[in-house]
Every structure is written in structure tokens, then in C-alpha cells.
Amino acid sequence: MGQTPDTDEPVVEAKPGNQPEDLTGRALQLRIRQQELLAELGVLALQRTSFTDLLDHTARMTAEGLDAQYCKILEYVPADKRLLVRAGVGWGEGVVGNATVGADLGSPAGYALHTGKPVISNHLENEERFRTPELLAEHGIRRAMNVILQGDGSPFGVLEVDSQLEGEFGENDIAFLQGAANILGMAIEHQQYERKLQAALERHQILLKEVNHRVKNSLQVVSSMLHLQANTVGDPALSERLMEASTRILAVGRAYNRLAYNADYENIELVAYLREVVEDLEAAVAPCKIQFDTPREIQFAADRAILVALIVNELILNAGRHAYVDSADGVIRLQLALSDDKTIAISVSDDGVGLPTDFDPALTKRLGTRIVRALAGQLGGELTRQQSTGGTHLTLVVPLHVVAN
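What you are looking at is a predicted structure, and each value in this text was computed from that prediction instead of being measured.

K.L.:
Is there a simple way to explain the sheet that holds strand S13 (residues 382–385) in this structure?
P.N.:
Paired through their backbone hydrogen bonds, the strands of a sheet run either parallel or antiparallel. Overall, mixed pairing links the five strands, which are arranged S9-S11-S12-S14-S13 in an open sheet. Strand pairing shows two members of the sheet lacking a second neighbour, strand S9 (289–293) and S13, which therefore form its edges. Looking at each pair of strands side by side, their axes are set apart by 15° on average, direction ignored. Bridge count between strand S11 (residues 331–339) and strand S12 (residues 343–350): eight bridges; the pairing is antiparallel.

K.L.:
What am I meant to see in helix H1 (residues 26–46) here?
P.N.:
Because each turn of an α-helix spans 3.6 residues, side chains separated by three or four positions in sequence point in the same direction. With 21 residues, H1 ought to run about 30 Å at 1.5 Å a step, and its terminal C-alpha atoms sit 30 Å apart, in line with that. Restricting attention to buried positions, one finds in H1 the residues Arg31, Gln34, Leu37, Leu38, Leu41 and Leu44. For H1, the angular spread of buried residues about the axis comes to 135°, placing them on one side. Among the exposed residues of H1, those oriented more than 90 degrees off its buried face are Gln29, Gln35 and Leu46.

K.L.:
I tried to follow the packing of aromatic side chains on my own but got confused; where do I start?
P.N.:
We describe a pair of aromatic rings using the distance from one ring centre to the other and the angle between the two ring planes. Tallying each qualifying case throughout the model produces three aromatic pairs. Considering the side-chain rings of Tyr70 and Trp91, the 4.7 Å spacing of their centres and the 50° angle between planes classify their relative orientation as tilted. With Tyr70 in strand S2 (residues 70–77) and Trp91 in the loop between strand S3 (82–89) and strand S4 (100–102), this pair connects stretches of sequence that are 21 residues apart. Per residue, the accessibility class of Tyr70 equals that of Trp91, and both read buried. Of note, Arg143 hangs over the ring of Phe169, and the distance from its end group to the ring centre comes to 4.4 Å.

K.L.:
What's the story with the packing of helix H7 (residues 270–285) against helix H8 (residues 302–322) in this structure? I'm lost.
P.N.:
The description of two helices packed together rests on the angle between their axes and the distance between the axes. The geometry of H7 relative to H8 is characterised by a closest axis approach of 10 Å and an angle of 30° between their N-to-C directions. One finds that H7 runs roughly parallel with respect to H8. The two elements H7 and H8 meet at a crossing, and its hand is right-handed. Seen from H7, the contacting residues are Leu270, Tyr273, Leu274, Val277, Val278, Leu281, Ala284 and Val285; seen from H8, they are Ala305, Ile306, Val308, Ala309, Val312, Asn313, Ile316, Leu317 and Gly320.

K.L.:
Would you explain the side chain of Ser121 in this entry?
P.N.:
Inspection of the secondary structure puts Ser121 in strand S5 (residues 119–121). Among the polar contacts listed, one links the side chain of Ser121 to the side chain of Glu127, at a separation of 3.0 Å. Here the side chain of Ser121 touches Arg129 through a polar contact of 3.2 Å, side chain to side chain.

K.L.:
Explain unusual backbone geometry here, please?
P.N.:
Negative phi is the rule for most residues except glycine; trans is the rule for most peptide bonds. Omega for the bond connecting Ala286 with Pro287 falls within 30 degrees of zero, at 10°, which places this linkage in the cis form. Here Pro287 lies in the loop between H7 and S9. The phi dihedral of Asp67 is positive, around 50°, even though this residue is not glycine. Mapped onto the secondary structure, Asp67 falls in the loop between helix H2 (51–65) and S2. Note on Asp67: relative accessible area 34%, which makes it partly exposed. Positive phi, normally seen in glycine, also occurs at Lys81, with a value near 55°. Inspection of the secondary structure assignment puts Lys81 in the loop between S2 and S3.

K.L.:
What's the story with the pairing of strand S14 (residues 392–399) in this structure? I'm lost.
P.N.:
Remember that side chains alternate between the two faces of the sheet whenever the strand is regular. Counting buried residues in S14 gives six out of eight residues, a clear majority hidden from the surface. Relative to S14, S12 runs antiparallel, the two sharing eight bridges. Residue pairing across strands places Ile344 opposite Val398, the latter belonging to S14. Both S13 and S14 contribute to a ladder of four bridges, which runs antiparallel. In the sheet register, Leu383 faces S14, and the bridge partner there is Leu396.

K.L.:
Just checking my understanding: could you explain the environment of Ala376 for this structure?
P.N.:
Within the secondary structure, Ala376 is located in helix H9 (residues 367–379). Ala376 sits 68 residues away from Val308 along the chain, and the two C-alpha atoms are 8.0 Å apart. Aside from chain neighbours lying at most four places away, what touches Ala376 is Ile311, Gly381 and Leu396.

K.L.:
So what exactly am I meant to see when it comes to the pattern of salt bridges here?
P.N.:
Note that side chains of opposite charge can pair when their charged atoms are close. A complete count under the given rule lists eleven salt bridges for this structure. Put simply, Glu75 and Arg86 hold a salt bridge, and the shortest N to O gap is 2.7 Å. Separated by eleven residues along the polypeptide, Glu75 in strand S2 and Arg86 in strand S3 bring together distant segments of the chain. A residue is classified by how much of its surface remains accessible, and Glu75, at 21% relative accessible area, is partly exposed. Arg86 gets classed as partly exposed once you look at its relative accessible area, which sits at 30%. The shortest N-O distance in the salt bridge between Glu127 and Arg129 comes to 2.8 Å. Arg129 carries the same exposure label as Glu127, and that label is buried. A single salt-bridge network, built from bridges that share partners, covers Arg33, Glu36, Glu40 and Glu64.

Conventions we followed
Residues numbered from 1 in each chain as written. Predicted model: local features only at pLDDT ≥ 70, side-chain atom pairs only at ≥ 80, totals over all residues. Heavy atoms only, no water. Pairing = 2+ DSSP bridges. Helix = DSSP H or I, 4+ residues; strand = E, 2+ residues; numbered from the N terminus. Axes fitted to C-alpha atoms, helices over the stretch in contact; angles between N-to-C directions. Expected span 1.5 Å × (residues − 1). Buried < 20%, exposed > 50% of the residue type's maximum accessible area, 1.4 Å probe, protein only. Arc of directions from axis to C-beta. Phe/Tyr/Trp six-rings, centres within 6.5 Å; stacked < 30°, edge-to-face > 60°. Lys NZ or Arg CZ within 6 Å of the ring centre and 35° of its normal. Parallel < 35°, antiparallel > 145°, perpendicular 65-115°, else oblique. Left-handed = near helix turned anticlockwise from the far one by under 90°. Contact = heavy atoms within 4.5 Å. Polar contact = N/O pair within 3.5 Å; in protein donor to acceptor, adjacent residues only side chain to side chain. Salt bridge = Lys/Arg side-chain N within 4 Å of Asp/Glu carboxyl O.

Given below as C-alpha cells:
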């Protein structure tokens, strides 16, 4: 095998004499068609065509653009140190997905892979620089071209076009082949980048779920300890307070646990999230029924959604405990309403005994209401009480989005 100069020029088999390319008639039409094919291939790549389909389209379009019967896309398999026919056109049954060629410097495809230089072999029967792969000999290939296919950080493989017909591939043909390889290479880089990003996201989700699961378990342990203490303290008033604390801690655990199953942790769909929170509360307020009236969808920051869930949890539990003391059951209504896409009003109401006429959420010393006010303050919202002839109607108004300072 002869030595090849170390330059960026393509490795082209020497031609006898100076034979300029004929750019008249059919040859000129082929050049025009090549540009059209590159444009079509670029559009396919931008349209997020599936990777397998894009490989097939590239092989078909490249063969058409070079008026060749065969084309193949070779993927480098480092473990085997060979190139696998990943996609192709014209080859016999069983070649695509199974056949391999050498990836060493003695192979035209291997040379293109390792050096990055395009390789043209116009007379394979007389080739002295490289050995002719058995796959080409079996299919009667007379001439071939190889260019590198770049990947994300390392070469993906080689794009090769082959022909059984006599003739010569020239440097203009290499330009078209390299253009197709560059488009496919960008798609390969993007696909590999998305695969890494998806893997990182999946790892993040696993870790996030594990953290939330551990938070929930830890809170359950604390809640259980308070529950046990409430049963043994011997003081009814203190026992009730310990039970309330236990219930609130469980609510925090459930709020975090629900977030663990959301794909997007930064922004979640608030309505679906609160619907799950309400389902958790139904057993706690039974025989009262909870009615949920809300818009179809509200996007909300996940960390703020936890605070909203805790407020809703506190208000509904309070209604369940105190609203219907003189009846076996009743209705607790949860309503959400958007205002000019800037604020969200969250209302909890009932038709029970109601609050004292002089009750003021801003002045009361009740622990539950003070917790709600503190959480509302973190949200930048305000808790108000609507006057009504019966029952209780409390509304929390919060900004839909965080207001930058």
C-alpha cells in the first residue's frame, strides 16, 4: 500500500492525464439535482425525522445524487473495531444490520474514519492503496467513495457510495457526498445529545423521587411518634393539639410525595395536583363531601404549588372538623379562578355553622389560620373572609407568577 501525503485533500486515485470534468448536459443536470437533494435532506433533518428514517433517506438520496446503484451508512463499533452496515440501498438481503467491513487503515472506509480524509477509488480491480472489502467484490462494485460521519465528540462512522458502472467519481462528487454526511452528522450529534440529555433527566427524576420518598417516610415517622404521644399524654387538650400536629406533618409528606411523580419539577399542572391532594383529604373529612370547581388547567411553579396544597389542606380539614358539628354530613367547596392571567383565587367554603362575626384572619390567634397566613405570605398572597348569611367562605388570592424584586 502506497503512502498518502498528510494533507486535508481527498485521497483520490490518480487519473491518466488532465481530464477536466464535463459540466454540460446530463452532468450539469446532475449537479443541480445534487443541490436539490441536499436541501431536501436538510429539511428532513430539521423536521425531526426519526433517526432510522433519516439514515434510510440519506442513503437513498445520496445514491440518487451520484447516479449510483449502492450506498451505505457504516457505524463504527469500537468493541469489534469494525464498521457495521447500519442503513443502505441496493444491497442484497441480510446485508443491512448484519454485514461489517474492516475499520483499519488498510480499508478505504477505515482510512476515511481514522484520518477524516475523503477517499475515492475509481478502479477497485486495480486498487493498490487499499484492499477491496469482500462485500464490494461480492456485489461487483467497480468504484467507491467514502467520507467520515461525525458524531458527538467522536466519529459515528462513514458514508459510502458504490457503483457497478464504469466511470469516475470526482472532487465535485466528494463535495456532494460530504455535504450529505455533514447534514446527517449534525442530526447524529443532535440525536446523541438528546439521548444523553434524556438519560440525565431520567437520573434526575430517579434521584428526585428518592429524595421525596425519603422526606415522606421521615415525616411519617415523626407523625407516628406524635400520634403515639397524643394517645398516652393523658391531657385531652394537649392530645388534640398533638393529633393536629401529626395530621399537618402527614399533609406535608403527601404534598411532597405527589410532586415526585411529575415529569417537570419546576412547573406543574396545578389543577391535577390539587385534585390528587383533595382525593387524599376525602377520607379525613368524611362523611363531608368535597366539591372541586376549577378551570381545566393552570401552570404553576412546583415549589409554590406545595404551599398552595398545604393551605388547601389546612382550610379543608378545618371545615371538615368545625363546619358541620350539628349534622352528619355536608359539602365543602374548593374553587379556583384565574383573573387576567395574573392572579389566582383559591376559595374554600361551606354551609356550616360559620365563624364568629368578629373573626378576622389577620388578627386571630388560631394556629391553623396563622399557618395559612404564614404560607400565604410566602406566596405573596392575601387571605380574606367573605361575609355571608351562612357558612364560611375564605379566599386566598396569589400571583400566578413570582413577581421579581
